[in-house]
There are 2 protein chains.
Amino acid sequence: VAAPCGGNGRCGKCLVLVHNPKKPCAQEERLLGGAQLAQGWRLACLTAVFDGMRVETREMPADMKIAVDGGLYQAQLDAPVKAQAFALAPPQLHDQRSDARRLLDALDGPHNIALPAQRKLPQVLRQAGYAGRAVVCADTVLDVIDGARRVLGVAVDIGTTTLAAYLLDLATGEQLAADAALNPQKVRGDDVISRCDHARQDGPDEMMKMVLDAVGAMVERMCRSAGVSSDEVYQMAVVGNTVMLHLFAGVSPEHIAQAPFIPAWADAWRIDAATLGLAINPAGEVLLLPCIAGYVGADTVAAILSCGLHEKKEQALLIDIGTNGEIALCAHGKIYTCSTAAGPAFEGAHIRCGVGSVPGAINTVGMHEGKLRFTTIDNQPPCGICGSGLVDLAALLIEQGAVDETGMLDADGAAQALRPYFDDEGFWLDADARIGLVQRDIRELQLAKGAIAAGIQVLLHEAGVTLDELEHVYLAGGFGTYLDQRNAGIIGLIPRTLLGSTRAVGNAAGAGARAVLLSRAMEEAARQVAREACYVELSARSDFQDAFMDHMFFT
Amino acid sequence: VAAPCGGNGRCGKCLVLVHNPKKPCAQEERLLGGAQLAQGWRLACLTAVFDGMRVETREMPADMKIAVDGGLYQAQLDAPVKAQAFALAPPQLHDQRSDARRLLDALDGPHNIALPAQRKLPQVLRQAGYAGRAVVCADTVLDVIDGARRVLGVAVDIGTTTLAAYLLDLATGEQLAADAALNPQKVRGDDVISRCDHARQDGPDEMMKMVLDAVGAMVERMCRSAGVSSDEVYQMAVVGNTVMLHLFAGVSPEHIAQAPFIPAWADAWRIDAATLGLAINPAGEVLLLPCIAGYVGADTVAAILSCGLHEKKEQALLIDIGTNGEIALCAHGKIYTCSTAAGPAFEGAHIRCGVGSVPGAINTVGMHEGKLRFTTIDNQPPCGICGSGLVDLAALLIEQGAVDETGMLDADGAAQALRPYFDDEGFWLDADARIGLVQRDIRELQLAKGAIAAGIQVLLHEAGVTLDELEHVYLAGGFGTYLDQRNAGIIGLIPRTLLGSTRAVGNAAGAGARAVLLSRAMEEAARQVAREACYVELSARSDFQDAFMDHMFFT
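The model shown is predicted, which means the values in this text are computed figures rather than measured ones. In every chain, residue numbers begin from 1 and rise along the written sequence. Going through the entries in the order they are written, you letter the chains from A and number the ligands from 1. Two thresholds apply to this predicted model, a pLDDT of at least 70 for residue-level local features and 80 or more for giving and counting side-chain atom pairs, whereas whole-chain, interface and lining totals are computed over all residues. The side-chain quantities take in all heavy atoms of the structure and omit both hydrogens and water.

A. Local environment of the overall build of chain A. What chain A contains, in helices and strands, is 16 helices and 24 strands. Put simply, the radius of gyration uses C-alpha atoms, and a globule should come to 2.2 Å times the residue count raised to 0.38. At 26 Å, chain A has a C-alpha radius of gyration in line with the 24 Å of a compact globule built from 555 residues. Structurally, chain A occupies a C-alpha span of about 100 × 65 × 45 Å along its principal axes. Looking at the 555 residues of chain A, the share that counts as buried comes to 60%. Considering only intrachain contacts with a sequence separation of at least 6, the fraction spanning at least 24 residues in chain A is 67%. Comment: elements are numbered from the N terminus, with helices defined as DSSP H or I runs of at least four residues and strands as E runs of at least two. Only protein chains enter the accessibility calculation, which uses a 1.4 Å probe. A residue is then buried if its area is under 20% of the maximum for its type, exposed if over 50%, and partly exposed in between. Contacts were defined at the residue level, with two residues in contact if any of their heavy atoms lie within 4.5 Å.

Given below as structure tokens:
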């Protein structure tokens, strides 16, 4: 049973149907509707098992739609890991240089040989007649190979909810495979705060193993589908929010969860793949891209790169609405960033019927010939509402007078056509399955969209630019791709004046990780962005609080 | 059953007493005496097991005397691994630098933090009020510790036969413990060639594990005896001959065994202790000192340092008679080195009754009041002859006319007092145990001493100096310490004119490893010596062959 809040009785998602239920507790009465409770639905995390209990669980579809494509910027191919050809003079009694010295003398740059490469070097040189190719990264020879072998890399985007991975040929830039998966850490909570709490209590090791295993499985699947060996993978570039990167490296992120929100590290970091137990080449390296702050991670840095904002040639806004909502503003040759606790609502968390982008999720809602219509992902029977459906539905309710300026659900003010969908509890798209919105959901949406709009306002103020001066708004993340921009404008998620210049850029973080894998200049750009970006801590600012209050309304 | 030749039927040492023996094979007849064969002694490696076989093995004492002290040169204390104290301003909302950045900004030098240190950093900083000490090596923080903790290092000398290790406090230079052990690889052969052959056939992994386990056990014993934790050990400096270092790192040394004698690597090399599975601090480093050539290893480099020859202030000779015989000559501001296949005889190999420095080994032989006398180590019943006893006995036989100029055993020419010790087969110090010398042993001794004397002559010629110009001869290794120098002169192992200026320097290789652990300048000196030393390959030179022939005689 999925438990987005980590089993803490907060999210109301771990529903089980008890055939012989006991009286619900107060928290269940708050989170679930009377009808649901009467049918016997209870929350698994709040229900004690009793003798003779009969329970039914509901299966949620597991194959979430995960955006893997995205990004705009094309970097020039110049991968940090490269194969250098060599042809050495065979040793003689009058030239007794060691195999290692002979090789290094012939290569341009490296002055170390990784242990696994050193172990195979004597045999490889003698079998190949002292000619071959050296796989080089910075000052180190990672491997010595023959002509047939490829030099591959893997880019990974570790989202709080989803993982995306890409297998690239580092010599040609060709993408050989892509893969996606759910982040298995979700059993420890759907948001980064839950993960931090869990790490504080039980340490980061279990969650590290979960994500490393999942990434390892993605690498294996991609290699199999591309018909290559994971031993040909020499570098992995990893992005993710700061908490996800901490857990990936087995470092507790717990102090990010509490003021003053301090990460254990934020700079770019190279770790031996073998140390992490990742099954790529034994001398392979994992590059963790740099983070900007505890809540503006390497995924945002990578998204900045993949929109070309690191070139600082335009005034533009980047909004990544994932499980958190990170915003970056490029203005006057400088990059400003902030983070708002905006995301979970759009990924289904804290929304009564909210779900991720799973088959059956209601993803569009609208009026057609005077009647309410909705679609679901893969045309499956509806199982909940995902982010884009939520935005559509809210916009519709506002336009049709069913939600007022202050966010109150208002059956009386609603257009005639919508009134049948109301009952005492809320507005129901599907009365049987009881999928719809309740007042509390609208409040969550107001908090989320208000936070993002307020974050944008504060960044603009900080940079001294106005909305009118912005040339582009880039919407990153799967949510952005499927979002109806007009409806996003209606609910006030995106400033209405910017709708014409808004572009969805898909998985921009994954695209940035791929760019770094293929371009030393992009790796350096990532470091520079992280070093120079101005991070604006919103929690400390009264102007953010004021803007937040203003933007909560639907005006 | 010990098998110095690795079970290849060459050394004649793996004796077993068969109570119902079958006919000996030709090789056994060649290697063993008629009396031995008649008693039922056979070689384990050449004897097939048969139904009803009854076998008795002889136990050899295992606690070999291993020299651990030595060295002359005192380096200034300046260990590459140091603790730096720090006191950081606690983080604030307006100073959200990561823990890592905050620490690195306060330290002088490092810009990386090792993974294990990064994992503990957040907790340590907060528990200690943002003050403490960072253990730093080059550009990396290895650990973050409190005031009570020590910063320790271990120096290791990996001999083909023996291992020596030293536990040092890197802040004070104090030696807290020392330990020695036999090299467990001896079951794969007593000399480096046997080890190379075994690595060629079965790979280096088993022998790597043997030596790593043995070194790990030494570290554990030393830490226990000093009352410290192995977690406080941050660096290990390792010396040994080139083959031993290869096996330590799990790199096959097989190509060193055959012309043109090429090592897989020779430069100084840092390896993570965790990669090798050595149980010191998880961020600890192993520094393998550089080698000069396939047969002049890091032990010789270290011995050069510990005699101060790297300063090149004198004309001096360093002779290390271990399992091989390495010679270094410092002359005219340059260092010349060579290696001779001289050693095994002095460590008991290829000598009928030869043994290492074990209790019961005959270690001195001489005439006293007209009678032959010998002593054994620890006054135990004689079990064989070790190196110093061999030199004494040979010198005595030469002086008493029992061995002529050409090296022939000559009962008729011998002084009256010695004649009773002869029989048809050889000269027996202990008739019951049949411990003594046979003609073949004298030949081995001639080959060994001839090779060393010829090596010295070639190096002198190469450097353009004469024996008279040498200020010192340093004799390294346990053998040198116990050697009667006068007798060494009589058999021609050391040029007679140099006896007055000869000094035994004990385990000079181990002393050099300790110096490197305590002094960055010495580490750099080691690299420089290895880089600049002139290696003279004797196998390619006719002048060596000529000198070798000359020096084989006892003149």
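B. Region of interest: the sheet that holds strand β16 (residues 334–340) of chain A. Residues and elements named next belong to chain A. At least two DSSP bridges between two strands are required for those strands to pair. Overall, mixed pairing links the six strands, which are arranged β23-β22-β14-β15-β16-β24 in an open sheet. If you trace the sheet from one side to the other, it starts and ends with β23 (502–506) and β24 (534–535), each paired once. Pairing analysis gives two bridges linking β16 to β24, with the strands arranged parallel. When the sheet's bridge partners are listed, T337 is paired in β24 with Y535.

C. Representation of the environment of D404 of chain A. All names here are of chain A. Position of D404 among the secondary structure elements: in the loop between α10 (387–399) and β20 (426–430). Residue classification places D404 among the partly exposed positions, given a relative accessible area of 28%. Separated by 150 residues in the primary sequence, D404 and F554 place their C-alpha atoms 7.4 Å from one another. Polar side-chain contacts of D404 include one of 2.7 Å to the side chain of T406. Between N or O atoms, a polar contact is any pair within 3.5 Å; within protein, one atom must be a potential hydrogen donor and the other a potential acceptor, and residues adjacent in sequence are included only when both atoms are from side chains.

D. Helix α11 (residues 439–463) of chain B, seen in detail. A helix is expected to span 1.5 Å for every residue after the first. Helix length check: α11 of chain B, at 25 residues, gives a terminal C-alpha distance of 36 Å against a target of 36 Å (1.5 Å per residue), a fit within 8%. Backbone geometry just after α11 of chain B places G464 of chain B at a positive phi near 70°.

E. Structural view of the relation of the copies chain B and chain A. Least-squares fitting of one copy onto the other uses the C-alpha atoms of those residues that reach a pLDDT of at least 70 in both copies. Between chain B and chain A, which share one sequence, the superposing operator has a rotation angle of 180° and an axial displacement of 0.1 Å; the RMSD is 0.1 Å. Such values leave the two copies arranged in the relation of a two-fold axis. Closest approach to the rotation axis within chain B is made by the C-alpha atom of T275 of chain B, at a distance of 4.1 Å.

F. Up close: the pairing of strand β6 (residues 131–137) of chain B. Residue and element names in this part refer to chain B. By the criterion of burial, β6 is predominantly enclosed, with five of the seven residues buried. As paired strands, strand β4 (residues 81–87) and β6 are joined by seven bridges and run antiparallel to one another. Of the residues in β6, the one forming a bridge with V81 is C137. One ladder, built from five bridges, connects β6 with strand β7 (residues 140–145); its direction is antiparallel. Pairing of A134 across the sheet is with V144, part of β7.

G. Region of interest: the confidence of the model for chain A. Within chain A, residue pLDDT values average 92, and 97% of them lie at 70 or more. Scored as a complex, the prediction yields pTM 0.87 and ipTM 0.88. Each residue carries a pLDDT value, the predictor's own confidence for that position, ranging from 0 to 100.

H. Representation of the pattern of salt bridges. A pairing counts as a salt bridge when a side-chain nitrogen of Lys or Arg comes within 4 Å of a carboxyl oxygen of Asp or Glu. Applying the stated criterion across every chain, the model contains 59 salt bridges over all chains. Note that D143 of chain A and R149 of chain A form a salt bridge whose closest N and O atoms lie 3.8 Å from each other. The class of D143 of chain A is buried, set by a relative accessible area of 2%. Across the pair R150 of chain B and D169 of chain B runs a salt bridge whose closest N-O atoms are separated by 3.1 Å. Here the residue R150 of chain B occupies a position in the loop between β7 and β8 (152–158), and D169 of chain B occupies one in strand β9 (residues 162–169), the gap between them amounting to 19 residues. With relative accessibility at 31%, the residue R150 of chain B sits in the partly exposed group.

I. Representation of unusual backbone geometry. All names here are of chain A. Residue P260 is bonded to the preceding A259 through a cis peptide linkage, with omega at 0°. Here P260 lies in the loop between α7 (242–249) and β12 (269–272). Positioned with a positive phi, Y130 is a non-glycine residue whose angle comes to about 65°. You can see Y130 is positioned in the loop between α4 (115–127) and β6 (131–137).

J. View of the sheet that holds strand β18 (residues 371–376) of chain B. Residue and element names in this part refer to chain B. Overall, mixed pairing links the three strands, which are arranged β18-β17-β19 in an open sheet. Two strands close off the open sheet at either side, each with one partner strand: β18 and β19 (384–385). Direction of pairing for strand β17 (residues 361–368) relative to β18: antiparallel, over a ladder of six bridges. What sits directly across from I362, in β18, is T376. Note on geometry: axes are C-alpha line fits, over the in-contact stretch for helices, and angles between N-to-C directions span 0 to 180 degrees. Against the sheet, helix α10 (residues 387–399) touches β17, β18 and β19, its axis set at about 25° to β17.

K. Main features of the pairing of β12 of chain A. Residue and element names in this part refer to chain A. Across the two faces of β12 the burial differs, with W269 and I271 buried and R270 and D272 not buried at all. Here β12 runs beside strand β13 (residues 285–288); their pairing, made up of four bridges, is antiparallel. Its bridge partner lying in β13, D272 is registered against E285.

L. Main features of the interface of chain B and chain A. Counting residues at the interface gives 41 residues for chain B and 41 residues for chain A. Each partner contributes to the roughly 3000 Å² buried at the junction of chain B and chain A, and carbon and sulfur atoms together form 60% of this total. At the boundary of chain B and chain A, one finds two salt bridges. Between R101 of chain A and D267 of chain B there is a salt bridge whose closest N-O contact spans 2.5 Å. For the pair chain B and chain A, the interface holds 19 residue pairs in polar contact (both at pLDDT 80 or more). For the side of chain B that touches chain A, the elements supplying multiple residues, two or more each, are α3 (99–106), α4 (115–127), β12 (269–272) and α8 (273–276) of chain B. Residue polarity follows a fixed list, in which Ala, Val, Leu, Ile, Met, Phe, Trp, Tyr, Cys and Pro are nonpolar, Asp, Glu, Lys and Arg are charged, and the others, Gly among them, are polar. Looking at the side of chain B that touches chain A, its residues break down into 22 nonpolar, nine polar and 10 charged. Values labelled buried area give the accessible surface lost by two parts on being combined, using a 1.4 Å probe and summing over both.

M. Examining the environment of R496 of chain A more closely. Residue and element names in this part refer to chain A. Here R496 shows up in the loop between α13 (485–491) and β23. Considering only alpha carbons, one finds R496 and D272, 224 residues apart in sequence, at a separation of 47 Å. Each residue touching R496, except ones within four places of it in the same chain, is listed here: G489, I490 and T555. At 3.0 Å, the side chain of R496 and the backbone oxygen of G489 are in polar contact.

N. Region of interest: helix α5 (residues 192–202) of chain B. Residues and elements named next belong to chain B. Those residues of α5 lying buried are V192, S194, R195, C196, H198 and A199. Considering only its buried residues, α5 is in contact with α6 (205–226) and α7 (242–248). One or two residues past the end of α5 sits G203, with phi positive at roughly 80°.

O. Fine view of the side chain of D320 of chain A. Residue and element names in this part refer to chain A. Mapped onto the fold, D320 is located in strand β14 (residues 316–321). Buried D320, no salt bridge; nearest opposite-charge side chain is R514, N-O distance 13 Å. Setting aside residues up to four positions removed in sequence, D320 forms contacts with G325, E326, A476 and G477. Only four residue types enter the charge count, namely Lys and Arg as positive and Asp and Glu as negative; His and the chain termini do not.

P. How the structure looks around the packing of helix α9 (residues 298–306) of chain A against helix α15 (residues 520–532) of chain A. All names here are of chain A. At a minimum axis distance of 10 Å, the contact between α9 and α15 shows a crossing angle of 120°. Considering their axes alone, α9 and α15 lie oblique with respect to each other. With respect to the hand of their crossing, α9 and α15 are arranged in right-handed fashion. Residues V301, I304 and L305 of α9 lie in contact with α15, whose contacting residues are M522, A525, A526, V529 and A530. Along the lines of polarity and charge, the residues of the contact of α9 with α15 split into eight nonpolar, no polar and no charged. Each angle is binned into one of four classes, with values under 35 degrees roughly parallel, values over 145 roughly antiparallel, values of 65 to 115 roughly perpendicular, and all other values oblique. By the definition used in this description, the sense in which the near helix is turned from the far one sets the handedness, with an anticlockwise turn below a right angle giving left-handed and a clockwise turn giving right-handed.

Q. Just the packing of aromatic side chains, in detail. Pairing of aromatic side chains here covers Phe, Tyr and the six-membered ring of Trp, requires ring centres within 6.5 Å, and sorts the geometry by plane angle: under 30 degrees stacked, over 60 edge-to-face, intermediate tilted. This structure, assessed with the given rule, holds 10 aromatic pairs over all chains. Ring centres of F261 of chain B and Y295 of chain B lie 5.9 Å apart, and the angle between their planes is 70°; on these two criteria the pair is classed as edge-to-face. Here F261 of chain B is found in the loop between α7 and β12, whereas its partner Y295 of chain B is found in the loop between β13 (285–288) and α9 (298–306), with 34 residues between them in sequence. Taking relative accessible area as the criterion, F261 of chain B reaches 16% and is therefore assigned buried. Here the aromatic residues Y421, F422 and F427 of chain A are joined through ring pairs into a cluster of three or more. We count a charge as sitting over a ring when the NZ of a lysine or the CZ of an arginine lies within 6 Å of the ring centre and within 35 degrees of the ring normal. A cation sits over an aromatic face here: R434 of chain A above W428 of chain A, 4.3 Å from the ring centre. K22 of chain B extends its terminal NZ or CZ atom over the ring of F50 of chain B, reaching a point 4.5 Å from the ring centre.

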